[in-house]
Amino acid sequence: MGFLERSVACGAKLREITPVVLEGRVTGLSGLIADVDGLGAHVSVGDRLILSARDGHRVPAEVVGFRRGLAQTMPFGALDGLGPGSSAFFELHGRGANGSGGLAVSDGWLGRVMDPLGRPLDNRGPLPAGDRPRPVLAAPPGATARARLGARLDLGVRALNCFATCRQGQRLGLFAGSGVGKSSLLAMLARYTACDVAVLALVGERGREVREFLEDDLGEGGLARSVVVVATSDAPPLLRRQAAYTAMTVAEHFRDQGKSVLLLMDSVTRYCLALREIGLSAGEPPATRGYPPSVFAELPRLLERAGPGLERDDGPAGHITALFSVLVEGDDQNEPVADAVRGILDGHVVLDRRIAEGGRYPAIDVLRSLSRAVPGCNAPQENALAQRARSLLALYADMADMIRLGAYRPGSDPSIDEAVALAPRIEAMLRQLRDERTGIEDSFAALAGAMEAP
């Protein structure tokens, strides 16, 4: 028997070993927290337990803190049926994978819909398991060892291709209020972006809209190359938080194969709200607008995992191009989560309610949107074209009130006359239907055509 055969046989024997299971007791319940006694010397933050309810059903839980010698755990399900004296079980065997909620990601997950714990939601049977579990709470690639941004990426949306051009491995924030067309834009990106794999995280999404999004917005073709992770708004905060980690872990699996991955997360705000519920329940003090300090420590740990992968000698480095939507409260672009995310990412795209109310979709405000990678990925003539279009739109916006009131007399200023003539044509070019795709070269060609003298 060769070495490989012996290794496989040894691994099979090791998997047959019965794990050591430690048992503790629930001593108290407060809000979302269940205090467990008897395991404090053996568990650490992030470890997974199984809580046994009095009616016999079992609820997975995670250790989120310690207080007075008791392990504070938060269940991934409802607390119904739990009470003082309920059993809590912890497996010592395989702690490295189970403690962080490891996922055995497989290429067979493409086209599937799952919950944050890797359980299928599409009634198509169990998900195929990969070779080895990946840690869900992984560190980002080393800053000096990861590759640089790749070539520019065709997003299929004219406004983004021209005014917020994206490169492979770039991370953009999509800032929008409710009802401004954010989900429709994300669906367009999932279908039209020139990538190998798309990973979608629906964090705190309305349950009614999930099926509509999958069938109408994403469609069969978009789903075929996608992995969708769903945690609806009624899910416990741990599941909503876990949806972000699971989606990032799946994206890292395909990135490590050298593929170009598109990660769409809707939304980072609901992820932060889940973190806030967890932190406050564990006893953290509220800080900015009720968010505990741990929220702003966890944000960069998650967002920095996206981007280029490590440099490879055997092929091109993989990339995770990520668009994180931010649901701004009250359309306040400077609220704490939006402000923190904007400082971490490589650019931001702003959806404006006034533009949506005017009937132009996608309602992207190109004057307030920015991609920090633009100067290095477009041709000089394309950068000049986009800059001139921005100048015309800005000048028209400044003079709009005077023009409507009739206070401006045509011929007084040639530059204003040019803006009055061309700005509506640029706005018309930015309008795009949901089932319409425009490549990046065609997008710049359409912008050039709109800016030709009438």
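Scoring rules and cut-offs
- Residues numbered from 1 in each chain as written.
- Predicted model: local features only at pLDDT ≥ 70, side-chain atom pairs only at ≥ 80, totals over all residues.
- Heavy atoms only, no water.
- Helix = DSSP H or I, 4+ residues; strand = E, 2+ residues; numbered from the N terminus.
- Buried < 20%, exposed > 50% of the residue type's maximum accessible area, 1.4 Å probe, protein only.
- Salt bridge = Lys/Arg side-chain N within 4 Å of Asp/Glu carboxyl O.
- Pairing = 2+ DSSP bridges.
- Axes fitted to C-alpha atoms, helices over the stretch in contact; angles between N-to-C directions.

### Quick word on unusual backbone geometry
One can expect most non-glycine residues to show negative phi and most peptide bonds to be in trans.
Here's step 1: The step from Asp-266 to Ser-267 runs through a cis peptide bond, and the omega angle for that step is 5°.
Here's step 2: With respect to the helices, strands and loops of the structure, Ser-267 is situated in the loop between strand S13 (260-266) and helix H7 (268-281).
Here's step 3: Following Tyr-361, the chain continues into Pro-362 via a peptide bond in cis, with omega recorded as -5°.
Here's step 4: Position of Pro-362 relative to the elements: it lies in the loop between helix H10 (353-357) and strand S17 (370-371).
Here's step 5: The backbone of Arg-68 shows a phi angle near 55°, a positive value even though the residue is not glycine.

### Observations regarding the environment of Val-261
Here's step 1: Structurally, Val-261 is set in strand S13.
Here's step 2: Residue classification places Val-261 among the buried positions, given a relative accessible area of 1%.
Here's step 3: The spacing of Val-261 and Met-74 is 187 residues in sequence and 32 Å in space, taken between C-alpha atoms.

### Here's the deal with the pattern of salt bridges
Here's step 1: Scanning the model with the defined rule gives 30 salt bridges in all.
Here's step 2: Among the salt bridges present, the one from Arg-360 reaches Glu-427, with a minimum N-O distance of 3.0 Å. Within this pair, whereas Arg-360 is found in the loop between H10 and S17, its partner Glu-427 is found in helix H13 (residues 414-430), the two being separated by 67 residues in sequence.
Here's step 3: Residue classification places Arg-360 among the buried residues on the basis of a relative accessible area of 4%.

### Structural notes on the sheet that holds strand S5 (residues 70-75)
Here's step 1: If you trace the six strands once around the closed barrel, you get S1-S2-S5-S4-S3-S6, paired in antiparallel fashion. With strand direction ignored, the average angle separating the axes of adjacent strands in the sheet is 45°.
Here's step 2: With five bridges joining them, strand S1 (residues 21-30) and strand S2 (residues 33-37) adopt antiparallel strand pairing. Bridged to Val-26 within S2 is Val-36.

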